[in-house]
Amino acid sequence: MIDLNQAYRKINIQNIYDHQSKVWKTLNEERNIILSAGTGAGKTEAVLLPALARKNRVILVYPTKALLQ
């Protein structure tokens, strides 16, 4: 398993938000997670990067009507 900072640097992200490191830790403990945060808060990277590193399944739910407005 690669290090959190290493993984983010590979995709050119230098600053890691608190919720991103918490997601990484939670997924490493093999626990389920629900993440809700504002636009541009790094939710996609927070969930997909550690999930891809661990080869987990991920379900992303986006409120498409709200995004269209």
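Each chain carries its own residue numbering, running from 1 in the written order of its sequence. With the structure being a predicted model, the display of local features is reserved for residues of pLDDT at least 70 and the display and counting of side-chain atom pairs for 80 or more, all residues being used for whole-chain, interface and lining totals. Derived side-chain values reflect all non-hydrogen atoms in the structure, with water molecules and hydrogen atoms excluded from consideration.

### Thoughts on the pattern of salt bridges
Part 1 of the reasoning: Any Lys or Arg side-chain nitrogen located within 4 Å of an Asp or Glu carboxyl oxygen qualifies as a salt bridge. Taken as a whole and assessed by the stated rule, the structure comprises 2 salt bridges.
Part 2 of the reasoning: For the salt bridge of arginine 31 with glutamate 29, the shortest nitrogen-to-oxygen distance reads 2.5 Å.
Part 3 of the reasoning: When accessible area is computed with a 1.4 Å probe and restricted to protein chains, residues below 20% of their type maximum are described as buried, those above 50% as exposed, and intermediate ones as partly exposed. Classification of arginine 31 by relative accessible area gives partly exposed; the value is 49%.

### Some details on the side chain of glutamine 20
Part 1 of the reasoning: Helix and strand assignments come from DSSP, with helices taken as H or I runs of at least 4 residues and strands as E runs of at least 2, each series counted from the N terminus. Inspection of the secondary structure assignment puts glutamine 20 in helix 2 (residues 18-28).
Part 2 of the reasoning: Contacts are residue-level and defined by heavy atoms, with any inter-residue pair within 4.5 Å sufficient. The residues contacting glutamine 20, other than those within four sequence positions of it, are Tyr8, Asn15, Ala41, Gly42, Glu45 and Ala46.

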